Every structure is written in structure tokens, then in C-alpha cells.
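Inside the fold
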Number of protein chains: 2
Amino acid sequence: MADAAAASPNVSDLNLDARLEAQLRFLVTVDALKHVERRTLTADGRRLENSAEHSWHIALYVRVLAEHSPEPIDVDRVILMALLHDIVEIDAGDTFLYDVAGRAAQVERERAAADRLFALLPLDQSTLLRTIWDEFCAAESPEARLANVIDRLQPILHNFLTGGERWLAHGISVEQVRTINLPVTDGVPPLGDVVRRIIAHAAAAGWLVDDDAPER
Amino acid sequence: MADAAAASPNVSDLNLDARLEAQLRFLVTVDALKHVERRTLTADGRRLENSAEHSWHIALYVRVLAEHSPEPIDVDRVILMALLHDIVEIDAGDTFLYDVAGRAAQVERERAAADRLFALLPLDQSTLLRTIWDEFCAAESPEARLANVIDRLQPILHNFLTGGERWLAHGISVEQVRTINLPVTDGVPPLGDVVRRIIAHAAAAGWLVDDDAPER
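Described in the following lines is the structure provided in the data block. (Residues numbered from 1 in each chain as written. Chains lettered and ligands numbered in written order. Predicted model: local features only at pLDDT ≥ 70, side-chain atom pairs only at ≥ 80, totals over all residues.)

1. What about the interface of chain A and chain B?
Chain A puts 45 residues into the contact, and the matching count from chain B is 45 residues. Looking at the side of chain A that touches chain B, the elements that each hand over two or more residues are helix H2 (18-29), strand S2 (48-50), helix H3 (51-65), helix H4 (75-84), helix H8 (142-161) and helix H11 (189-205) of chain A. Here the side of chain A that touches chain B gets 11 residues from one element, more than from any other, and that element is H3(A). (Contact = placed C-beta atoms within 7 Å. Helix = DSSP H or I, 4+ residues; strand = E, 2+ residues; numbered from the N terminus.)

Take a look at the structure:
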């Protein structure tokens, strides 16, 4: 085992200065986000998306949709949130949005993951990027609000485009989608309106369990 | 066929205003980048990476390594280049870096793809994002130079970390890697130095064909 590990090429074999080596070690470590599978399909329903490509997609959503924020925002900061928001899943895994109990336990795992991952960077960069990740999680600044709305909008739009395939597979109800998402997505009214239209369409199409149906 | 197409959920079913509908149509269309496979392995060698997750990774590289640029730069503009640089592959496909003839033919295909894809957006956004993509391709501004260096560095680092697996599979030589990459990567000297160290390591390890070997 020791020999195998020694034989495996590593950034430290390049004898770089400590700062550059730390930067590359962080970048190589976060590559693992490409292997974290989400519960959402790609827009064409071909397969589940992973958290790295999702993060790319969310960053582009931010750039294109930022004008809908009701408050003036630093768009570039929101793009950084999009790029960083899921990297803790490398250690903590992806938790299904509708698994409320699982999500509560997830908070501590994600914090521990952030402690480990950001610490790989030189201290100044570690502090800066951790601050941006913490801001995303707190969801209180206008920037973090937009990032969180878009992080909800994209999977809901994919569920819509795939005929509610994942909602049907998990037996998700209208009430679950409303309760869990609207308090977030209404923070950016034009995007919250898209979510409301999708929920209405999905309820009418029978893609979500109807909580008020008498035969329930 | 007409019925099947009509039954498939589409952004236009949501009756949004034209601008928001155009924005979402662009974002849904570029989702296809998740299905474009590159010639580079993930850092752990588990599978080939796709161009969407590669773009996310490159954007993070930019954020972390921007300080090595020899000129002052607008880092956020370079991050946008990273997010956008490969979307033309949705129509034009990924071309292997060492396929010189294929890359010449690729230029026209990529331009046609950019014409189609950026035109999905409202005109102001289309113009702005196309300008950023054109700047990346021209590789003349300090921002575009850094983006292009990083777009070369990441796959070279993955080839290093996987023991040259892709170079060996394609019979790539030391001279090919040098000729195709160094004129680009030397634009940011500390990162060009990483590439030179990797080439020296790979040549010594036999992961690249030795052009000067007598038995060649």
C-alpha cells in the first residue's frame, strides 16, 4: 500500500513553491465534485446531473438572470457563490431537497467539509472563499438570496422539462414543492413567478401528488 | 411526431414574457454541454470529463490562480470566459488538442455554433457574452491569455496525475506537448513553469514518446 501510494503521481512531486502547490492541491481535490450525483435529471432527461456540472450551469443562470434581482447586487460575487456552493458535497454528499430530516443532519457535515476543503488553500484565499460560502449558506444578503433562488429554480425547471419524472419517482406532493421552495424563490419575484407557474402546470398534469384530492 | 413534440414540456408553455423566456431557452439549450465528452480524464482517472464540469473546474482555477498573471486583470471577466469558452462544442463537438488538421476545420464550425447559441439570448446579453467569447478565442487580452493558459494547464495536470494515461493511449510525443502548449502557457510564467515541470516528469517516466530516441 505504501509503495502504491508513493508511485501515484502527486502535485508535491513537482517541487513547486508552497503557495502554488497548495492552490493546485485544492483545485485537484475539488475535482471530486464531478463524481457527486444529484437527484435531478439533465434537461433532456438522459441521466442524473452531477454537482460540478450543476455548479457551472447555476453560474451561467446567475449571469443571465441577475437583472431580475429586486435589489442592486454584485453579480460576480453571486457567480462565485454558484461555483463554490456545492463543493462541501465532496465530503458530505448530496441531500435530497425533500428529505427534511436528512437536511438538518447535513448542516454539520457540510460545515466540517468546508473546514477541511477551504483549509487546503493559502490562508488569505481560504478565508475569502469560506466567507463567500458562509454568505451563501446564510442566505441573507441580496447576493446570497439570488444564488439560493437560482439553485432552486434550475432543478424545478428540469423537473418541468422532463414531465415531472423525478417528482413522480419520489411521490412528491404539490404542498412539499410549495412549502420547501416558495419561501426561497419568492425572494426574486419574477423567478418565484416561474416556479409558481411550473407548480400549477405540474399539479394540473398530475406530476405532483395532489394533497387535497378526496381519495388521498 | 407532431403530437409527441407538442406533448413534450417546453419553456414556451409557461407563458412568460419574451425576455425571460429567451433567457431560460438559452440556459436550457446550453445544458447539452453536459453531454459533450472531452479527451481528458478526471483527476482520479475514473472517467473522461465532460465540457460542462470542465468549464466549472476552469472557472475555479481562474479564481485561485489569477494572481500569477504578469499583468493586472479583471478576474471576473476571465471567470466568464471560463464559463462560456466551450459552449460552442454543443454544436461543434470537442476537438482533440493534438489533432492539428481537425482544429483548423473546427474554427468555422465553432463560429457557426456561437452565432446560433448566443442569438438565443436577448440582444443586449447576446452581444455582451459573444464579445467575451470572441475575446477568449482571440487570446490577445491579458484576461484571454490567462483563460487560455488555464484551459491548457488543467488537462496537462490531469494527464500528469493519471500517469500519462491519455498521452500513452494516443501516442503523444514530448515535442507535440511542447509545441502545442508552451507558446500559450508561457504567457503566464509561473503556470508555464508548472507545465514544463510536468513535461520533464512525463518524458523521464516514459509517458510521452521521446522524439530524440535513436530507435524511433
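2. Structural notes on unusual backbone geometry
Residues and elements named next belong to chain B. Backbone geometry at Asn15 places phi at a positive 50°, although glycine is not the residue there. Within the secondary structure, Asn15 sits in the loop between helix H1 (2-7) and helix H2 (18-29). Taking the C-beta count within 10 Å as the criterion, Asn15 has 8 such neighbours and is therefore assigned exposed. With a phi angle near 55°, Ala139 is a residue other than glycine that sits in the positive phi range. Looking at the secondary structure, you find Ala139 in the loop between helix H7 (123-138) and helix H8 (142-161). (Buried ≥ 20, exposed ≤ 12 C-beta atoms within 10 Å, placed from the backbone.)

3. Quick look at the nonpolar core
Ranked by internal contacts, the top residues of the largest apolar core, which has 120 residues, are A:Ala59, A:Val62, B:Ala59 and B:Val62. Sequence-distant contacts of B:Ala59, defined by excluding residues within four places in its chain, comprise A:Ala59, A:Leu83, B:Ile79, B:Ala82 and B:Leu83. (Core = buried A, V, L, I, M, F, W, Y, C linked by C-beta atoms within 7 Å.)

4. Focus on H8(A)
Residue and element names in this part refer to chain A. Taking 1.5 Å as the rise per residue, H8 with 20 residues should run 28 Å; its terminal C-alpha atoms sit 28 Å apart, in good agreement. When you tally the buried positions in H8, you get 18 out of 20 residues, the bulk of the element. Positive backbone phi, at 65°, marks Gly163, one or two positions downstream of H8. (Expected span 1.5 Å × (residues − 1).)

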